[in-house]
Amino acid sequence: MKIAILGGGISGVALARLLAADGHRVTVLEHAERPGGLCRSRRYGEFVFDEAGGHIVFSKDKPVLDWQLARCGGEAATVRTQRCTKIRWHDRWVPYPFENGVGHLTKQAIVECVAGYVEAYVQRRTGAPCPPDFHGWIHWRMGDGFARHFMVPYNEKIWKCDLRAMSSGWVAGRVPEAPIEDVLKSAVGLDTEGYVHQSVFWFPRHGGFETMVRGTVDGGGFELQCGVAVRRVERSGDRFRVDGTEFDLVVNTVPLPQIEGAFPEMPADVRADVRALRPISLVNVMIGVRLDEPLPPHSWVYLPFPEQGPTNRVTYFSNYSPHNAPAGHGSFLAEVTHRGELRPDAAWLRGVVAALGRAVFLRPEQVVLAEWCDNEYAYIDQDLAFAERIARVRRWWDHSGYITFGRFGRYEYHNSDQCVRRAMQVQEHVRAIAATGEPARPRFA
Ligand SMILES: Cc1cc2nc3c(=O)[nH]c(=O)nc-3n(C[C@H](O)[C@H](O)[C@H](O)COP(=O)(O)OP(=O)(O)OC[C@H]3O[C@@H](n4cnc5c(N)ncnc54)[C@H](O)[C@@H]3O)c2cc1C
């Protein structure tokens, strides 16, 4: 078949490679000047930075992990790291996940966290129902101490909203939930490991996370057109036209609010739902520093408190690969979320760096480079109406004859490995269409 894929992020190029391997003629249409979307990286001299915050290769899904490592050039072309993540809790470095690191808090805070955790545990065991909102969920699952000392301030900082206005439907698998035994062990000083499927990760030795995208495009056997903003997609019977060119099938991976205008047949009520799908945006600050001594072995650190500045997470990016920074230097990524209101400038940048200095990540006089990259589509706004809204939107797409997937192409809170898994599912679906000629509806598990 002749297949058009809209969007050249990892979802689009992964699917293109898979479909080309099945013998289809595939064209990827990408708006930006090069592919990669949120997985892109950039260079400043000898520094390499990821554009949308720190990205790592990890997965519970072994075939997908192997596929991603192969696209990075094989395991030998990557750096394998044992995760070392912390929370900057006032003047302490507390191991992450917080429940597994509770023994590192003050004695008073340990008591408050453990007492709240046990109370919440008993409430759940005696039938307390899971609240529909995220604030309620935090108290129901973690208890009042963990809520106050980390979960609420951190999540308010990243989501930029009252957590009562957020749904709890998305947390499964995304927010670490330690068993009570782990919390009790940690409280008496026996450290435990949480979120174990991510305890080891990989990163391309050269070129940043984008190397995985380049390894997907190179030798992929498909056509990639960059600098193309898709404007009009139409269907008549079982034929499709994209900006006037005919295709047998069209697959979208572009963020839905950015592409709805190209689909004239979309009903007005579905279009209104798509326009209400707002993202959370992310300014990623890329910082290069001169080093007198090696950086601590941290992978990344969470900053829950307002007095630590606007940054919610700092990645020790030169720890991912020694080639991310020149000799004698190190690098950080500082992530700052916003809801479209932030306009970074030089003064704002100085404020971010100064706050990281106060939180003892760096000394401002070490800084040799500070730049930023604003990513409009970074996280999904999980408001209370989101689940019903996205269900209506997906229903239209899944009956339309088009296929849509991707982090914002389907509004699934997916990492790149899950995007690749979805691409493999779409490949199966396209095989079924090719075999039967029937435009069967895609089935996503
Ligand atoms: C802060 C942060 C940290 C993350 N960390 C990790 C991690 O550690 N590991 C991991 O695996 N994943 C991580 N992710 C998730 C990962 O970035 C995404 O899952 C993945 O990049 C999504 O790819 P995509 O192709 O679905 O979407 P996108 O990357 O958004 O691609 C969509 C593409 O569509 C293009 N486009 C837009 N409009 C048009 C148009 N009109 N016509 C044509 N093209 C258009 C865009 O330019 C873009 O290239 C992280 C994400 C964030 C925000």
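Residues numbered from 1 in each chain as written. Predicted model: local features only at pLDDT ≥ 70, side-chain atom pairs only at ≥ 80, totals over all residues. Heavy atoms only, no water.

K.L.:
Give a description of the packing of helix α8 (residues 268–275) against helix α10 (residues 386–399) that names residues and reports values.
P.N.:
Interhelical geometry of α8 versus α10 gives an angle of 130 degrees and a closest axis separation of 9 Å. If you check the angle between α8 and α10, you find them oblique. In terms of crossing hand, the pair formed by α8 and α10 is left-handed. Residues Val270, Asp273 and Val274 of α8 form the contact with α10, whose participating residues are Arg389, Arg392, Val393 and Trp396. Taken together, the residues that form the contact of α8 with α10 break down as four nonpolar, no polar and three charged. (Axes fitted to C-alpha atoms, helices over the stretch in contact; angles between N-to-C directions. Helix = DSSP H or I, 4+ residues; strand = E, 2+ residues; numbered from the N terminus. Parallel < 35°, antiparallel > 145°, perpendicular 65-115°, else oblique. Left-handed = near helix turned anticlockwise from the far one by under 90°. Contact = heavy atoms within 4.5 Å. Nonpolar A, V, L, I, M, F, W, Y, C, P; charged D, E, K, R; others polar.)

K.L.:
Describe the domain arrangement of the protein chain, with residues and values.
P.N.:
One widely used convention gives an interface's size as the accessible area the parts lose upon coming together. Examined at the domain level, the protein chain breaks down into domain 1 (2–37 + 209–278 + 383–436) and domain 2 (98–192). Computed over C-alpha atoms only, the centres of domain 1 and domain 2 are separated by 37 Å. Counting residues at the interface gives six residues for domain 1, matched by nine residues for domain 2. Carbon and sulfur atoms make up 57% of the area that domain 1 and domain 2 hide from each other, which totals about 530 Å². Counting the surface domain 1 buries against domain 2, the share from its top three residues, Asp383, Leu384 and Tyr413, is 90%. Linking domain 1 with domain 2 are zero salt bridges. Our count for the contact surface shared by domain 1 and domain 2 stands at one residue pair in polar contact (both at pLDDT 80 or more). (Domains from an automatic or database assignment. Buried area = accessible area lost by both parts, 1.4 Å probe. Salt bridge = Lys/Arg side-chain N within 4 Å of Asp/Glu carboxyl O. Polar contact = N/O pair within 3.5 Å; in protein donor to acceptor, adjacent residues only side chain to side chain.)

K.L.:
For the nonpolar core, give the residues involved together with the corresponding values.
P.N.:
In this structure, Leu6, Phe134 and Trp159 are the most contacted members of the largest nonpolar core, which totals 117 residues. Residues from two domains meet in this core; each of domain 1 (2–37 + 209–278 + 383–436) and domain 2 (98–192) gives at least three. Sequence-distant contacts of tryptophan 159, that is, excluding residues within four places in its chain, are made with Phe134, Met166, Trp170, Ile280, Arg339, Tyr379, Ile380 and Tyr413. Counting residues in hydrophobic clusters, the runner-up holds 21 residues, among them Ile287, Leu295, Val352 and Leu362. (Core = buried A, V, L, I, M, F, W, Y, C linked by side-chain atoms within 4.5 Å. Buried < 20%, exposed > 50% of the residue type's maximum accessible area, 1.4 Å probe, protein only.)

K.L.:
An account of a nonpolar patch on the surface is requested, with residue identities and associated values reported.
P.N.:
On the surface, Val118, Val122 and Leu184 cluster together to form a nonpolar patch covering roughly 210 Å² of accessible area. Looking at the element boundaries, leucine 184 is found in helix α5 (residues 180–187). Given a relative accessible area of 39%, leucine 184 falls into the partly exposed group. (Patch = residues over 30% accessible without salt bridge, like charges linked within 9 Å, V, L, I, M, F, W, Y side chains within 5 Å. Areas by Shrake-Rupley, 256 points an atom, 1.4 Å probe, with all protein chains shown as cover.)

K.L.:
Describe in detail the sheet that holds strand β17 (residues 329–338), supporting the description with residues and values.
P.N.:
Working definition: the strands of a sheet are paired by backbone hydrogen bonds and lie parallel or antiparallel to each other. Within the open sheet, the seven strands sit side by side as β7-β6-β15-β16-β17-β14-β18. Their pairing is mixed. What marks the edges here is a single partner per strand, and that holds for β7 (92–95) and β18 (367–380). Between one strand axis and the next, the sheet turns through 25 degrees on average, direction left out of account. One ladder, built from ten bridges, connects strand β14 (residues 279–290) with β18; its direction is antiparallel. Along β18, the bridge assignment pairs isoleucine 280 with tyrosine 379. Taken strand by strand, helix α4 (residues 134–159) contacts β6 (85–89), β14, β15 (300–302), β17 and β18, and its axis lies near 90 degrees from that of β18. (Pairing = 2+ DSSP bridges.)

K.L.:
Give me the lowdown on the pattern of salt bridges, citing residues and values where you can.
P.N.:
Going through the model one piece at a time under the given rule, you end up with 29 salt bridges. Between glutamate 265 and arginine 235 there is a salt bridge whose closest N-O contact spans 3.9 Å. Of the two residues, glutamate 265 is situated in the loop between α7 (256–259) and α8 and arginine 235 in strand β10 (residues 233–236); the sequence distance between them amounts to 30 residues. A relative accessible area of 35% places glutamate 265 in the partly exposed class. According to the relative accessible area criterion, arginine 235 is partly exposed, its value standing at 35%. Note that arginine 389 is salt-bridged to aspartate 383, the shortest N-O span being 3.5 Å. Assessed through its relative accessible area of 13%, arginine 389 is described here as buried.

K.L.:
Give me unusual backbone geometry: which residues, what numbers.
P.N.:
The linkage connecting tyrosine 96 with the following residue, proline 97, adopts the cis geometry, with an omega of -5 degrees. On the secondary structure map, proline 97 appears in the loop between β7 and α3 (107–125). A positive phi angle, close to 55 degrees, is found at lysine 160, a residue other than glycine. A relative accessible area of 31% means that lysine 160 is categorised as partly exposed. The backbone of valine 360 shows a phi angle near 65 degrees, a positive value even though the residue is not glycine.

K.L.:
Residues and numbers for the side chain of threonine 404, please.
P.N.:
Tracing the backbone shows threonine 404 in strand β19 (residues 403–404). Residue threonine 404 is classed as buried on the basis of its relative accessible area of 1%. At 2.5 Å, the side chain of threonine 404 forms a polar contact with the backbone oxygen of glycine 409.

K.L.:
Pulling in residues and values, what's your account of the sheet that holds strand β12 (residues 245–247)?
P.N.:
Pairing in this open sheet of three strands is antiparallel, and the strands run β10-β11-β12 from one edge to the other. Each having just a single partner strand, β10 and β12 make up the two edges of the open sheet. This sheet shows a mean twist of 30 degrees between the axes of neighbouring strands, independent of strand direction. As judged from the three bridges shared by strand β11 (residues 239–242) and β12, these two strands associate in the antiparallel manner. When the bridges of β12 are listed, valine 242 appears paired with threonine 245.

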